[in-house]
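# Architecture and fold: a report
Chain by chain, the residues:
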Amino acid sequence: MTADLISAKPTPDLAFISQHLFTAILWINDELSITWLNAQAEQLLAISSGRLLNQSILTLLAPDELTLKDRLINNNREDKTYSLTERFFQAQHYQQPFIDHDHLIHTQPNGGLMLSVDYSVTPVIYKQQPYFIIEMWGKDRQSRISEEQRQQQQYSVARHMLRSVAHEIKNPLAGIRGAAQLLQRQFIKFSDMSSFEREATAVISNENSDLNHDNNLQKNTAKLRNYTDIIISETDRLTQLIGQLLGSNQLPSWQMLNIHEPLEHVLALIVNQCPEITLQRDYDLSLPELCADKDQLIQVFLNLINNACESMTEFKQTLQQNVPAASNNLASDIAQSHLDGASSYQPKLHIQTRVAFQHTIGSQQHKQVLQITITDNGSGIDDALIGQIFFPMVTSRAAGTGLGLSIVQDIISRHHGMIDVSSNASQSDNSSYNYNNSQTRFTLYLPFQQPFAAS
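Residues numbered from 1 in each chain as written. Predicted model: local features only at pLDDT ≥ 70, side-chain atom pairs only at ≥ 80, totals over all residues. Heavy atoms only, no water.

### Here we look at the overall build of the chain
Looking only at helices and strands, one finds 13 helices and 14 strands in the chain. Going through the 455 residues of the chain one by one, you find that 38% of them count as buried. Taking the intrachain contacts of the chain between residues at least 6 apart in sequence as the baseline, contacts between residues at least 24 apart amount to 65%. Of the accessible surface of the chain, which amounts to about 26,300 Å², a share of 52% is contributed by carbon and sulfur atoms. (Helix = DSSP H or I, 4+ residues; strand = E, 2+ residues; numbered from the N terminus. Buried < 20%, exposed > 50% of the residue type's maximum accessible area, 1.4 Å probe, protein only. Contact = heavy atoms within 4.5 Å. Areas by Shrake-Rupley, 256 points an atom, 1.4 Å probe, with all protein chains shown as cover.)

### Thoughts on the sheet that holds strand β12 (residues 364–376)
Within a sheet, neighbouring strands are paired by backbone hydrogen bonds and run either parallel or antiparallel to one another. Read from one edge to the other, the open sheet built from five strands follows the order β9-β11-β12-β14-β13, with strand pairing classed as mixed. Edge positions in the open sheet fall to β9 (278–282) and β13 (418–424), since each of these has one partner strand only. The sheet shows a mean angle of 20 degrees between the axes of neighbouring strands, taken without regard to direction. Pairing analysis gives seven bridges linking β13 to strand β14 (residues 439–447), with the strands arranged antiparallel. Bridging across to β14, S422 finds its partner in R441. (Pairing = 2+ DSSP bridges. Axes fitted to C-alpha atoms, helices over the stretch in contact; angles between N-to-C directions.)

### Here's the deal with the pattern of salt bridges
All chains considered together, the criterion is met by six salt bridges. Between E261 and K294 there is a salt bridge; the shortest N-O distance is 3.7 Å. Taken together, the residues span a long stretch of sequence, with E261 in helix α9 (residues 260–273) and K294 in helix α10 (residues 294–329) at a distance of 33 residues. Judged by its relative accessible area of 42%, E261 falls in the partly exposed class. A relative accessible area of 26% places K294 in the partly exposed class. (Salt bridge = Lys/Arg side-chain N within 4 Å of Asp/Glu carboxyl O.)

### Let's talk about the sheet that holds strand β6 (residues 115–126)
The sheet built from five strands is open, its strands ordered β2-β1-β7-β6-β5 with antiparallel pairing. Unpaired on one side and paired on the other, β2 (34–37) and β5 (98–105) mark the two borders of the sheet. Sheet twist, expressed as the average angle between the axes of neighbouring strands with direction ignored, equals 30 degrees. In the sheet, strand β1 (residues 24–29) pairs with β2 via three bridges, with the strands oriented antiparallel. Bridged to L26 within β2 is L37.

### Regarding the environment of N171
Considering the arrangement of structural elements, one finds N171 in helix α7 (residues 139–204). In this structure the C-alpha to C-alpha distance between N171 and T239, which are 68 residues apart in sequence, comes to 9.6 Å.

### Comments concerning the nonpolar core
If you look at the biggest cluster of nonpolar residues, it comprises 42 residues, and the most contacted ones within it are F301, L304, I305, L349 and I372. Contributions of two or more residues to this core are made by α9, β10 (290–292), α10, β11 (348–361), β12, α13 (404–414), β13 and β14. In terms of residues, this core owes the most to one element, α10, which gives 11 residues. Once residues lying within four places of it in the same chain are set aside, the contact partners of L349 are L267, I277, T278, L279, Q280, I305, A308, C309, M312, I374, T375 and D376. (Core = buried A, V, L, I, M, F, W, Y, C linked by side-chain atoms within 4.5 Å.)

### Section: the packing of aromatic side chains
Where two aromatic rings form a pair, the distance of their centres and the angle of their planes describe that pair. Summed over all chains, the structure comprises six aromatic pairs. On the basis of an interplanar angle of 25 degrees and a centroid distance of 4.9 Å, the ring pair of W27 and Y131 is categorised as stacked. With W27 in strand β1 and Y131 in strand β7 (residues 129–138), this residue pair connects regions lying 104 residues apart in the sequence. Geometrically, the ring pair formed by Y126 and Y131 is edge-to-face, given 6.3 Å between the ring centres and 70 degrees between the ring planes. (Phe/Tyr/Trp six-rings, centres within 6.5 Å; stacked < 30°, edge-to-face > 60°.)

### Some details on α13
The set of residues buried in α13 consists of L405, S406, V408, Q409, D410, I411 and I412. Backbone geometry just after α13 places H416 at a positive phi near 60 degrees.

### Comments concerning the side chain of Q184
Among the structural elements, Q184 can be located in helix α7. Contacts of Q184, omitting those with residues within four sequence positions, involve R225, T228, D229 and I232.

### Some details on a nonpolar patch on the surface
A cluster of nonpolar side chains, contributed by L14, F16, I17 and L21, occupies part of the molecular surface with about 390 Å² of accessible area. Its place among the elements puts L14 in helix α2 (residues 14–19). (Patch = residues over 30% accessible without salt bridge, like charges linked within 9 Å, V, L, I, M, F, W, Y side chains within 5 Å.)

Structure (C-alpha cells):
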C-alpha cells in the first residue's frame, strides 16, 4: 500500500525545475541549434530566448567558425574555433561530456557584450534523438560577487574599528570640554573681581602703576578666555565629527513607498541650488513599491546627488580657469581646442530606475531587485581612490570630510542592499578630449522586501 502511494506521486516537471536553477542551461539538438534555454541563460547572456531559439550555438561559442567551415587547418596550426564542432560530434559519438574554461563570448546578439564563462557540454539521448545539454557559469558574475563580499567585509571591519576608536575618544572630549568651561568661568569670575578691585584702588590710592598692572592683567585674562573658547569650539567640532563616524543608532522606520518620491524630494532641492545642471530622468514608472526607510533614502540620495553636482560645478570652474593658461602656453590651434571643449561642456545629471533580475547581494540571490543609477559627467574619481571611496575619511575633495559616502554605504547595508561605483576620470590635458564623455556612475541595488526577522 505504501509502495503504491509512493509510486503515485507526480514526477517533477524538469522544465519547471530548470527555470529556477542558478545555472544557465541550453538545450541543443544534433544540428547544434538552440531549441530551449532557461531564464538564467537569458539573464547571463543578456539575450531574450526569442532571439536565441533556432540559432546555432556556434553563434555564441564560436562565431568565426560559421565563416570558416571550409578551412580546417591554417598555416599548420589547428583552428580552435572550427574544432569546437568536432568536439561536439566526438562527445556525441563517445557519449563523453567536455568542459571549457574562461571562454569569452562576444557576439552581436548580446550587443557586443564581452562575457567570460565556464561551460560544460553533456551529450544525451532523449526519445531516441541525440541532444546536448550545455551548462554555463558566468566568471564575471562570480568574480563580482566575490569582490563585493570581500569589500563588504572590509567596510564592516573599518566601520567597527572607527566606531570603537570614536567611542574611546568621545568620553575624553567631554571631559576636556567640561574642564575648559570651568576654566572659562574662573577667568570670567577673576576678570570681574579684578575690575572691581581696580576701580576701588583707583578711587582710594589713585596710583597709575596699579592701573597699568590691572590693565595688563585684564588683557591677559581676555586672551586666556579666547583660548578656552577655541578649546570648546574645537572640542564641539570633533564631537560632531565623531557623531558622524558613529552614525545613527536609530533603527530604520520601514514603510512601503514609491522610490521616485524620495528621489524627487532631493531633486527639487538640487534644481533650485544648481540651475545650470541639466537633469535627465529615466524612470520605470511600473516599479513595485519598496520597503525602506524614506528619511534614510533621502539622506542617501542627497549625499550622492549633492556630490555629483559639486563635482560637475568644480570641474566646470576648473575648465574655465585653465583656458587662459592654455591660451598662453599652447599653440593657437591647440588652445582653441581647449577653449571649444571648455565652452561646450554642459553639466548633466542622469537618474535611472530599473528592475534587475536574478541579482546576488552578498550571499542572497534575488529574483528581482530595484536598481537606481546616478550618473554625472564631472571630473570623475581617481583610479587610486575608487576602490576605497566608501571607506570613512577617504575623499578626493579639499573641503570634503570623507564621511558622506561612508554614511551612504552604512544606510544601504542596513537596507540589505549594495552600492557600486564606476568612473572614467576626465583627461584635462588632452586637447581633443570631449569633456562631456567623462562619467561617474553610482548604482544602488535594493531588495523590494526586507527580512524583518534579521533586522
